[in-house]
Amino acid sequence: TVINLAVIFFVKGLIMKITITTNLDSVSTSFKEKLKSINKNEMLDEVAFYMENEMRKRFDTGTDYQGNAWASLKLRKGKPLSDTGMLKGSLGVAEIKGNTVSVFTNAKYAKIHDNGGVITPKSAKVLHFKVGGTDYFAKSVTIPKRQFSGVSDKNREDLVKILNDYFVNKKLFL
């Protein structure tokens, strides 16, 4: 009897496939039982927890996934994307489905901050907004890219270690 176990993980920017092939006729019964103890959702939970926390750390460091500093603020003091903490707090695991882990935010303004872009008025002649009690008016506002999503090389290394530790804890590997 041959068992092939393939798990494919996808977290924005990363696709990782781990394949274990074994001929169960030539291994011990205890290994067969250990192999059955693998819980894909449990593994994906660990991946999701790690990636969610990595994205949150980027708000603390003010850097993107490659370590590049976010653009500084122009109209107020403090850290970018940290005024209220709502965006950072909105990060969560959207779903674990099949071999996919999705970490997301439901904040409407997340995409413009993650990708950068220009905001223009939809129905008025100018934008009106307040910062620190001061009124501002503009025909458009350019939001610099302050990417909090993405998977770094270090994240990839850490994910391999997390998965390896999972298998070691299941005593599949010594």
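Definitions and cut-offs
- Residues numbered from 1 in each chain as written.
- Predicted model: local features only at pLDDT ≥ 70, side-chain atom pairs only at ≥ 80, totals over all residues.
- Heavy atoms only, no water.
- 1 Å grid on protein atoms, 1.4 Å probe; cavity = no way out; pocket = protein on both sides within 12 Å on 5 of 7 lines; lining within 4 Å.
- Points joined across faces, edges and corners; volume = space filled by probe spheres on them.
- Helix = DSSP H or I, 4+ residues; strand = E, 2+ residues; numbered from the N terminus.
- Nonpolar A, V, L, I, M, F, W, Y, C, P; charged D, E, K, R; others polar.
- pLDDT = per-residue confidence, 0-100.
- Contact = heavy atoms within 4.5 Å.
- Expected span 1.5 Å × (residues − 1).
- Buried < 20%, exposed > 50% of the residue type's maximum accessible area, 1.4 Å probe, protein only.
- Core = buried A, V, L, I, M, F, W, Y, C linked by side-chain atoms within 4.5 Å.
- Salt bridge = Lys/Arg side-chain N within 4 Å of Asp/Glu carboxyl O.

In this model, the largest pocket occupies a volume close to 880 Å³. Along its surface, the largest pocket is lined by 25 residues, and L73, H113, V131, I143 and R146 are the ones closest to its centre. Of all elements in the fold, only α3 (86-89), α4 (110-115), β6 (127-131) and β8 (141-143) reach the threshold of two or more residues within the lining of the largest pocket. At four residues, the largest contribution of residues to the lining of the largest pocket is made by β6. Classifying every residue of the lining of the largest pocket gives 14 nonpolar, six polar and five charged.

Turning our eyes to something else, we now look at the confidence of the model for the chain. Confidence along the chain averages 82 in pLDDT terms, with 77% of residues attaining 70 or more. When mean pLDDT is taken per element in the chain, strand β5 (residues 117-119) scores highest with 97 and strand β1 (residues 2-11) scores lowest with 50. In this model residues 9-14 is a low-confidence stretch, pLDDT under 50, and it forms 25 contacts with partners more than four residues away in sequence or in other chains.

An ideal rise of 1.5 Å per residue puts 32 Å on 22 residues; helix α2 (residues 40-61) measures up with 32 Å between its terminal C-alpha atoms. Taken residue by residue, α2 has M43, L44, V47, A48, Y50, M51, E52, E54, M55, R56, R58 and F59 as its buried positions. Once α2 finishes, G62 follows within two positions and takes phi at roughly 65°, a positive value.

Another point: the nonpolar core. F59, L87 and F148 are the most contacted members of the largest nonpolar core, which has 24 residues in total. Secondary structure elements with two or more residues in this core: α2, β4 (100-104) and α5 (153-169). By residue number, the principal contributor to this core is α2, which donates eight residues. When near neighbours in sequence (up to four residues on either side) are disregarded, F59 contacts W70, K79, L81, S82, L87, K88, L91 and F148.

So, about the pattern of salt bridges. For the structure shown, the criterion picks out seven salt bridges. D60 is paired through a salt bridge with K88; the nearest N and O atoms lie 2.5 Å apart. Of the two residues, D60 is situated in helix α2 and K88 in helix α3; the sequence distance between them amounts to 28 residues. Of the charged contacts, one joins D153 and R156 as a salt bridge, the two residues approaching to 3.6 Å between their closest N and O atoms. You can see D153 and its partner R156 sitting in helix α5, three residues apart, about one turn around the helix.

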